[in-house]
Amino acid sequence: MTSSAVIEKELSDLRSKCTSQIEGSEVITCHPAQIRVQITKTKYKKLVVCLQFPADGYPSNAIVIEIKSKTIPERLCNGFTTICDAEAKKLCGKPHVLDILLFIRKFLDDNPFTVCSDELAFIKKELITDADEIKTKQKAGVITLHLKVQEYFVKLKCKVPNEYPEHPISVELDDSNFPGLFKTMFVAQATELARRRVQPPLKKPKPGEPPFEPKPSLRHVVEYLVKDCIRRFPVLPCPVCKERAFPKKPEHVINDPKSGRHVEWMYCGHVYHHGCVDAYMKIPPFTGGKKCPDCGKRIYHDKWNIAPKLSEDRWAHEQARQREIDEVVEFLS
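What counts as what
Residues numbered from 1 in each chain as written. Predicted model: local features only at pLDDT ≥ 70, side-chain atom pairs only at ≥ 80, totals over all residues. Heavy atoms only, no water. Helix = DSSP H or I, 4+ residues; strand = E, 2+ residues; numbered from the N terminus. Rg over C-alpha atoms; globule rule 2.2 N^0.38 Å. Buried < 20%, exposed > 50% of the residue type's maximum accessible area, 1.4 Å probe, protein only. Contact = heavy atoms within 4.5 Å. Lys, Arg positive; Asp, Glu negative; His and termini not counted. Charge placed at Lys NZ, Arg CZ, Asp CG, Glu CD. Pairing = 2+ DSSP bridges. Axes fitted to C-alpha atoms, helices over the stretch in contact; angles between N-to-C directions. Left-handed = near helix turned anticlockwise from the far one by under 90°. Nonpolar A, V, L, I, M, F, W, Y, C, P; charged D, E, K, R; others polar.

With that settled, consider the overall build of the protein chain. Of the regular secondary structure elements, the protein chain holds eight helices and ten strands. For a compact globule of 333 residues, the expected C-alpha radius of gyration is about 20 Å, and the protein chain comes in at 30 Å, more than 25% above that figure. For the protein chain, the spread of C-alpha atoms along the three principal axes comes to 120 × 50 × 25 Å. Among the 333 residues that make up the protein chain, the fraction classed as buried is 40%. Put simply, of all contacts in the protein chain between residues at least 6 apart along the chain, 52% involve residues at least 24 apart. Distance between charge centroids for the protein chain: 2 Å, based on 53 positive and 44 negative side chains.

Here it is, written out as structure tokens:
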């Protein structure tokens, strides 16, 4: 069979079999000069495959491949094109248009990180140190992070869903020697940050503002956990006493919430010794609520949820009582 006859047969097979054999495919152009097929897995996992038959000798010579996408990074598309070129060379000697398209579809199915490859590259380059470990399970869409700072560590699992970035990543804590409060907080904060990236706020946008669009959450969440939490908390000083809030040795962590050295986390992002913040919350000034000595933001915590006026009244009462005691002592002496 001549090369032109083989090509005509391939084009006929493509028209009749492509959409039934390759899920999510759509034939855009089917001509001896060029074939263009769009393959869609999700809204953000979508690419266009451009195929061109060689000038002569097809199928002895491999078909020319170009992959384009508006949602998948160009760097990844170029790398995948190189992989497809190598696969096409293996298939030389027989018609291979449908085989290449099937190969590309399988790639989309087996690589959930296609839409977040730039985020993953940033994490590996900018957030992971030599002391850390990062592992990926491509088919499962799971990223495992083992992060260390001094003698503290956290092992996290981040799951990238098929519908990413329209759906948020999920974060699971595998293991850690941080205090229990912080283990809970890491997951809760990560989950909330990821949710805010994909769900519009309850407050309606102002006139003229663009409508809400889901945003990628992987880099945003991991960067927060690494920079603002895991690497920061173990060396952060208590804003009141200025001593290191966490003990140097994780085994010396105090989990009794009533202990003076128990570490408390505030919504402003700073950490305090329980005894320090408890004493600080009971002394003036109280106007506008107590402020964090380090950042100036108002301190919010369920344990110290007292109105400024009530705090001031209590302090005044304590001062009056102390003056009475001092007067009695002075009289008796």
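Further notes follow.
For the rest of this paragraph, the subject is unusual backbone geometry. Cis rather than trans, the peptide bond between Tyr58 and Pro59 has omega equal to 10°. By the secondary structure assignment, Pro59 is in the loop between strand E3 (46-52) and strand E4 (64-68). Here the bond from Tyr164 into Pro165 is cis, since omega is 5°, no more than 30 degrees from zero. By the element assignment, Pro165 lies in the loop between strand E7 (152-159) and strand E8 (170-176). The phi dihedral of Gln150 falls on the positive side, at around 55°, and the residue is not glycine. Although it is not a glycine, Lys242 sits at a positive phi angle of roughly 70°. Along the chain, Lys242 falls in the loop between helix H6 (218-230) and strand E9 (263-265).

Turning next to the sheet that holds strand E5 (residues 133-137). The strand order E5-E6-E7-E8 describes an open sheet built from four strands, whose pairing is antiparallel. Two strands close off the open sheet at either side, each with one partner strand: E5 and E8. Between one strand and the next, the sheet's axes are offset by a mean angle of 15°, whatever the strand orientation. Taken together, the six bridges between E7 and E8 define a ladder with antiparallel strand orientation. Looking across to E8, one finds that Cys158 is bridged to Val171. Against the sheet, helix H4 (residues 117-127) contacts E5 and strand E6 (142-149), and its axis sits at roughly 160° relative to E5.

This part is about the packing of helix H5 (residues 180-198) against H6. Where H5 meets H6, the closest approach of the two axes is 9 Å, and the angle between their N-to-C directions is 145°. The handedness of the crossing between H5 and H6 is right-handed. Of the residues in H6, those touching H5 at Met185, Phe186, Gln189, Ala190, Leu193, Ala194 and Arg197 are His220, Val221, Tyr224, Leu225, Cys229 and Ile230. Class assignment of the residues belonging to the contact of H5 with H6 gives a composition of ten nonpolar, two polar and one charged.

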